[in-house]
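One letter stands for each residue in the lines below.
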Amino acid sequence: MSDSKKYFKLPLSVSQPVDLNRLIHELTQLNEDINQKTIRNPNIKQDINISAKMTDVLKANNIDITAKEHRDSLLNVFNRLNERDRVINISFASEASPEFIAKITEWFRNEIDPYCFIVVGINPTIGVGCIARTTNRVFDMSLKGGLSGTRKLLTSRIRELDKV
Amino acid sequence: MTIWWFYLVAAFIVAAGSGFIWLTVQISKKTLGQPKLFGSDIDSTTKEVVGHIFNDEFREELKNRGRLQFEKIINDSAEFLQQDLRLTSSQLNAYMKNELTSKVHEELTKYEQSINDARDQAIDSIKKTSLALDEQRQVLGAEVQKDVAEEKVRIINNFINQLTDIVSHYITSAIGSEIDLNDQLDYILANLETNKQAMIEDIKNV
């Protein structure tokens, strides 16, 4: 738990920065509630309600949320991830399903960065493909971008058709 | 010419009258101026003879003869004058006719010449105008052709520059939402794989 790059596993359900912020807020709230209840009655059994995404995080990393040191470590990891701010914006022609976003997120975390987050947008002019934007660059992987790369070929083909 | 004839006739009349008067006076002088050869008897006899010869009838006869002669001369002169006037009038008419004809012909010649000059000038002007119009037409034609060619090139270039947008828009409109994102997953992942290294470098450089 001490080194997030080596040991912490970020589930695919937590794919966007807003998910991380919600987890941080949830964990902070939970930590405070548990601390207050412990102060009132240290021997009482805690009844904890957590979100599905928090559950995925706990299962993926085998964390006991009732343990204060685990909660503190998890919050520390969340804050570090939030500070890293490895966000990739990616736009599609239509709204993507959660499964589709999970597959894209998986590819990014396997191939690019295991702790990156993606922000999904919609751009109907894309048609086919997607447009990805990292911190400094834009990768046009849409049909329009593909046609731009082959504009000379397209122009020559159209001129051949015009001659015919 | 007519006035000279009038003067001549008048002079002739005056000369005839003067001669008649002179003759009468001379006769009277001879009768009255003869020397008295026989004294007063001769004179009286002479006077009687003269009075018998130059009586009133004789004088009246002389007057009539003179009057007739004068009238004859006047008539002759008038007739001559009339003939001369006719001749002069005919000559004058002929002269005027010739002069007017020549003048009219001359003026007509000048007028024809001026009309020819004006026509030549008009033809030259029309030719120059036609040439200028041809030149302007050629210039305008060249400019229009140049503008059309430039506009054609501009439209073609604009079309080529926006070709990808046009084709993409057409394909997007054609396929609409027919292609699901899940169907595009392989295509998207392949493109991501192509740009993977660039993405890694950009993220690592942050």
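Residues numbered from 1 in each chain as written. Chains lettered and ligands numbered in written order. Predicted model: local features only at pLDDT ≥ 70, side-chain atom pairs only at ≥ 80, totals over all residues. Heavy atoms only, no water.

Thoughts on the interface of chain B and chain A
Link 1 in the chain: Across the contact, 30 residues belong to chain B and 38 residues belong to chain A.
Link 2 in the chain: Buried surface at the junction of chain B and chain A, summed over both partners, amounts to about 3200 Å²; 71% is from carbon and sulfur atoms.
Link 3 in the chain: Inspection of the chain B/chain A interface yields 1 salt bridge.
Link 4 in the chain: Across the pair Lys-196 of chain B and Glu-111 of chain A runs a salt bridge whose closest N-O atoms are separated by 2.9 Å. (Contact = heavy atoms within 4.5 Å. Buried area = accessible area lost by both parts, 1.4 Å probe. Salt bridge = Lys/Arg side-chain N within 4 Å of Asp/Glu carboxyl O.)

With respect to the sheet that holds strand β4 (residues 138-142) of chain A
By definition, the strands of a sheet pair up through backbone hydrogen bonds, in either a parallel or an antiparallel sense.
Residue and element names in this part refer to chain A.
Link 1 in the chain: If you trace the 4 strands from one edge of the open sheet to the other, you get β2-β1-β3-β4, paired in mixed fashion. Among the strands making up the open sheet, the edge pair consists of β2 (117-122) and β4. Shown here is a sheet whose adjacent strand axes are inclined to one another by a mean of 20 degrees, direction ignored.
Link 2 in the chain: Note: strand β1 (residues 87-92) against β2, 6 bridges, orientation parallel. Paired with Val-87 across the two strands is Phe-117, which belongs to β2. (Pairing = 2+ DSSP bridges. Helix = DSSP H or I, 4+ residues; strand = E, 2+ residues; numbered from the N terminus. Axes fitted to C-alpha atoms, helices over the stretch in contact; angles between N-to-C directions.)

A short note on helix α3 (residues 56-161) of chain B
Link 1 in the chain: For α3 of chain B, which comprises 106 residues, the first-to-last C-alpha distance of 148 Å matches the rise-based estimate of 158 Å (1.5 Å per residue) to within 8%.
Link 2 in the chain: Every buried residue of α3 of chain B is accounted for by Ile-73, Ser-77, Leu-81, Asp-84, Thr-88 and Ile-160 of chain B. (Expected span 1.5 Å × (residues − 1). Buried < 20%, exposed > 50% of the residue type's maximum accessible area, 1.4 Å probe, protein only.)

A word on the pairing of β4 of chain A
Link 1 in the chain: When strand β3 (residues 129-133) of chain A meets β4 of chain A, the two strands line up antiparallel, connected through 5 bridges. Counterpart to Cys-130 of chain A in the pairing with β4 of chain A is Met-141 of chain A.

A word on the packing of aromatic side chains
Residues and elements named next belong to chain A.
Link 1 in the chain: If you walk through the whole model with that rule in mind, you get 7 aromatic pairs over all chains.
Link 2 in the chain: Both rings, one in Phe-92 and one in Phe-100, keep their centres 5.1 Å apart while their planes meet at 80 degrees; by these two values the pair is edge-to-face.
Link 3 in the chain: The buried category is assigned to Phe-100, whose relative accessible area is 0%.
Link 4 in the chain: Here the aromatic residues Phe-8, Phe-78 and Tyr-115 are joined through ring pairs into a cluster of three or more.
Link 5 in the chain: Sitting above the plane of the Phe-117 ring, Arg-109 keeps its charged end 5.4 Å from the centroid. (Phe/Tyr/Trp six-rings, centres within 6.5 Å; stacked < 30°, edge-to-face > 60°. Lys NZ or Arg CZ within 6 Å of the ring centre and 35° of its normal.)

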